[in-house]
Amino acid sequence: MMLPALMDTAIPLAPERLRSACDPDSLPFQDTSQLTPLPGPLGQDRAIAAVRVAMGIPQDGFNVFVVGTPGVGRHKLAESLLRELAATRETPDDWCYLNDFSGGYRPAALRLPAGVGKRLCQAMQQFASELGPAIAAAFDTDDYRARVEAIQDEFKQREETALRELGDASAAQGIALLRTPQGLGFAPLKGNETMDPEAFAALPDDEKKRLSALIEAFGERLRKLIGQFPRWHRQMQERLREVSRSTLQLAAGHLIDDIRDEFGELPQVSRFLDAVLADVIEVGEALREGAKQNGEGLRALAEGTLTPARYHVNLFVAHEAGAPVPVVCEDNPGYQNLMGRIDHMPMMGTLVTNFTLIRPGALHRANGGFLVLDAEKVLGQSFSWDSLKRALKSRQIRIETPAQLFGLGAGLPLEPEPIPLSVKVVLIGNRYTYQLLKEYDPEFDALFKVTADMEDRVTRDADHAMAFARVVADLTRTQNLLPLDREAVAHLVDESARRADDAGKLSVRLRWLADLLVEADHLARQADRALIGGEQVVGAIDARIRRADQPRQVHLDALLSDTLLIDTEGAAVGQINALAVTEFADFRYANPVRVTATVRLGDGQVVDIERESELGGPIHSKGVMILSAFLATRYASERPLSLSASLVFEQSYGLVEGDSASLAELCALLSALADLPIRQTLAITGSVNQLGRVQAIGGVNEKIEGFFDLVRARGQLRATGEHGVIIPESNVRHLMLRADVVAAVAAGEFCVWAVNHVDQAIERLTGVAAGVPDERGLLPAGSVHHRVSTRLGELVRRRAELGHRRRREDSPKGKRD
């Protein structure tokens, strides 16, 4: 029987369509030393505008989340833009922490104009160092000693006068006031001498009673008098303290006045100095004694000793007057690094602290400016995310120890006064993290109202190619590398397009670019060149591939040794070469995979063996369901689909995911149904919809190169051009094939065909026309679709016969027969 005429509409691609190479002559420079740096990130106008809007709105919640793929310059964009904005804004205030002179544990926060905090801190350190000697000198003056001695003499004289008056009164009654080692007492007199016991015993009883009564009465008066002595002593001590206070005020007052003169225009500083002077007056003597015994340093202060260090100022956050607002990029946003901490000192087996050991966090350092954080890092730290949200909502920063957060704090921890917060936060993360926060954190939208979405790719045109060259020039300068000539830049433009998976785009994920430039510079210096040339760039690219392609070589060796079975010659029914991409770290390669299909009588089920064995992913399973729908729609719209088919990726031992092999699976299934062999010299890739349209897939360059490498390794490249790959027509714009593949196509040794429908693919694979129905709806005899339809009709009739036979056997008459 003659086969119908082949109407192959698959497009054989010309070599120039396989790689859109950048022409070095199109670049208007000789080398990159002639180029100026790009003022902003490449192709990120949308994200830049979003950041500017968020940073320019003062209202709460207008913080920004920068969304982008790692490597597109998210941090560089944020930091460079924020530093530009920071130079236009007023320097924020300094913050200090002061001692709680009341003896409590709540250090006070002091807000000062920028640059003043440092001056006050130095002034108070000088004050503390001078206070001790000033107090010592004041208490060592003759005037102080004379005043103290006068008060002491006055009270001593008062006691002696009172005792003398009492003694005179008792003597007038014949009773003497005696001073003995045991204390004061009374005894009867005989003349001018005290009466001895024998003489007293010889007295008449009445006289003895009279004298005893007098002694008892004067003893009571003595007891009352002595009872007044402590009160007189307290009065004396109070007067002595008044002398000490006046002396301390004189000693410290002039030191305070000097500081007050410098900072007198600041009422908050004046209030602090008043509190310092009042404390000096109150605890001055204890301060002097503590300093004598334990020193004057911070350790003595931590140990609880009263020392002049209690008047230090903890310069918490300081700025230079006129400096730009802070731009803080915190790469380790743990809770304490973010919110601040309170350090401790070891002392006698325990930990002690004081107000000078309060340390700022990133929020404190960025207060009044900008804070840049990695979203994933913040979310990965205990308490950090919740604490950040709490600070932004309350507009204040509260320092708490981790023990306090857990509710495990012991003793009396410091509770520093919260500091008001005014900051713009820039969170940087990927799309997955952004979506998770949007979906599951109800507070996220209220706190991060602006999204800056960064591009992964930009259109490849003359302007963007030039901008890309300026990015290259900037990288060479910042990393002290040799300039690049035009040919080298052209190769980099081509590599960027390949990494973008689109010949009409340039990738802005430039992390690879900096590393590649360093390697190319190394090769150029080894060759003693003044410029990095195209040879060095290509050499650096090839070197990076060689370092990463060991898994690809192992796979290729397995194919060459027939450990993995792939035919690249001949033809076979129900067998086709599909193409699969494998990613290893940041290296991607592809290799051919045999897909086979078998058909038999059944009830219309297409069995995906990968899915049944739980090795097929959901997208792959969806692709198999789509091709099942194609078969039912095209061949069984008015009759049952009476087949069972099986599809399998042969020698596949891992997860199979994606729908890029659905075109290959459909062609294998059509081959099995039509009993037409498929050329094994060809490989195919593409997804298909249920109408038979071929759709674009990913990794098209790697897939073509993977089959090409196998054919070349087997020595099967011939000028007949029988070997090649069939790809979706919509993938042609993505082609950036290696130069050796393009050269083989130009020599007629390899071909790439583009198709947009399964009919084109099956014709190219089998050499038989797909078949187009005539005006009566009849398919040409011998065409692929005619053969498939005929086979399916045979299966329908066979199924009907079997059903009729089964019904007849199940009938009562059939059972009797």
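Asks: Describe the sheet that holds strand β7 (residues 193-194), naming the residues involved and giving the relevant values.
Replies: Pairing in this open sheet of 3 strands is antiparallel, and the strands run β5-β6-β7 from one edge to the other. For this open sheet the edge positions go to β5 (175-180) and β7, each flanked by a neighbour on one side alone. By the bridge criterion, 2 bridges tie strand β6 (residues 183-190) to β7 in an arrangement that is antiparallel. Bridge pairing in β7 places K190 opposite E193. Relative to β5, helix α4 (residues 142-172) is tilted by about 140°, and along the sheet it contacts β5 and β6.

Asks: Can you explain helix α17 (residues 486-499)? Please cite residues and give values.
Replies: Helical periodicity: at 3.6 residues per turn, an α-helix aligns residues three or four positions apart in one direction. Here α17 contains 14 residues, and its C-alpha end-to-end distance of 20 Å stays within 8% of the 20 Å for a straight helix at 1.5 Å per residue. Judged by how many residues are buried, α17 sits mostly within the fold: 10 of 14 residues are covered. Here α17 has its buried residues at A488, V489, A490, L492, V493, D494, E495, S496, A497 and R498. Buried positions along α17 lie against α16 (462-478), β20 (505-507), α18 (511-526), α19 (534-548) and α24 (700-713).

Asks: Lay out the environment of F127 in plain terms, naming residues and giving numbers.
Replies: Within the fold, F127 resides in helix α3 (residues 116-139). Residue F127 is classed as buried on the basis of its relative accessible area, which comes to 1%. For the pair formed by F127 and H312, sequence separation is 185 residues and the distance between their alpha carbons is 8.4 Å.

Asks: I'd like to hear about the packing of aromatic side chains, residue by residue, with values.
Replies: All told, the structure shown has 13 aromatic pairs when counted by the stated rule. Centre to centre, the rings of F127 and Y311 are 5.9 Å apart; their planes meet at 70°, and the pair counts as edge-to-face. With a gap of 184 residues between them, F127 in helix α3 and Y311 in the loop between α8 (298-302) and β8 (314-317) connect regions that are remote in the sequence. Taking the centre distance of 4.7 Å and the plane angle of 75° together, the rings of F139 and Y144 count as edge-to-face. As far as the burial class goes, F139 and Y144 line up, both buried. Here the aromatic cluster, defined as three or more aromatic residues joined through ring pairs, consists of F65, W385, Y434, F444 and F448.

Asks: Help me get a handle on the packing of helix α1 (residues 45-56) against helix α2 (residues 74-86), residues and values and all.
Replies: In contact at an axis separation of 11 Å, α1 and α2 are set at 45° when each is read in the N-to-C sense. In terms of their interaxial angle, α1 and α2 are classed as oblique. In terms of crossing hand, the pair formed by α1 and α2 is right-handed. Mapping the contact onto sequence places A47, I48, V51, R52 and M55 in α1 and L77, L81, L82, E84 and L85 in α2.

Asks: How would you explain α3 if you had to name every residue and give the values?
Replies: Taking 1.5 Å of rise per residue, the 24 residues of α3 would be expected to cover 34 Å, and the 33 Å separating its terminal C-alpha atoms lies within 8% of that figure. The sharpest bend along α3 reaches about 30° and sits at E130, with the proline P133 one to four residues further on.

Asks: Please give an account of the pairing of strand β31 (residues 751-755) that cites residues and values.
Replies: Among the 5 residues of β31, 5 are classified as buried, and the element is accordingly described as predominantly covered. Burial of β31 is two-sided: the residues C751, W753 and V755 facing one way and the residues V752 and A754 facing the other way are all buried. The pairing of strand β1 (residues 11-12) with β31 spans 2 bridges and is classified as antiparallel. The partner of I11 across the bridge, within β31, is A754. Pairing of strand β30 (residues 724-728) with β31 involves 5 bridges; the strand directions are parallel. Across the sheet, residue I726 finds its bridge partner in β31, namely W753. Taken together, β30, helix α25 (residues 739-746) and β31 form a β-α-β motif whose crossover is right-handed.

Asks: Please give an account of the layout of surface pockets that cites residues and values.
Replies: Taken as a whole, the largest pocket spans an internal volume of roughly 1500 Å³. What lines the largest pocket is a set of 42 residues, among which E495, R498, R499, D586 and E702 lie closest to the centre. Taken together, the elements giving at least two residues each to the lining of the largest pocket come down to α17, α18, α19, β23 (587-601), α24 and α25. For the lining of the largest pocket, the leading source of residues is α19, giving 8 residues. Along the lines of polarity and charge, the residues of the lining of the largest pocket split into 14 nonpolar, 4 polar and 24 charged.

Rules used throughout
- Residues numbered from 1 in each chain as written.
- Predicted model: local features only at pLDDT ≥ 70, side-chain atom pairs only at ≥ 80, totals over all residues.
- Heavy atoms only, no water.
- Pairing = 2+ DSSP bridges.
- Helix = DSSP H or I, 4+ residues; strand = E, 2+ residues; numbered from the N terminus.
- Contact = heavy atoms within 4.5 Å.
- Axes fitted to C-alpha atoms, helices over the stretch in contact; angles between N-to-C directions.
- Expected span 1.5 Å × (residues − 1).
- Buried < 20%, exposed > 50% of the residue type's maximum accessible area, 1.4 Å probe, protein only.
- Phe/Tyr/Trp six-rings, centres within 6.5 Å; stacked < 30°, edge-to-face > 60°.
- Parallel < 35°, antiparallel > 145°, perpendicular 65-115°, else oblique.
- Left-handed = near helix turned anticlockwise from the far one by under 90°.
- Bend = angle between axes of the 7 residues up to and from the residue.
- Right-handed = clockwise from strand over helix to strand, strands pointing away.
- 1 Å grid on protein atoms, 1.4 Å probe; cavity = no way out; pocket = protein on both sides within 12 Å on 5 of 7 lines; lining within 4 Å.
- Points joined across faces, edges and corners; volume = space filled by probe spheres on them.
- Nonpolar A, V, L, I, M, F, W, Y, C, P; charged D, E, K, R; others polar.

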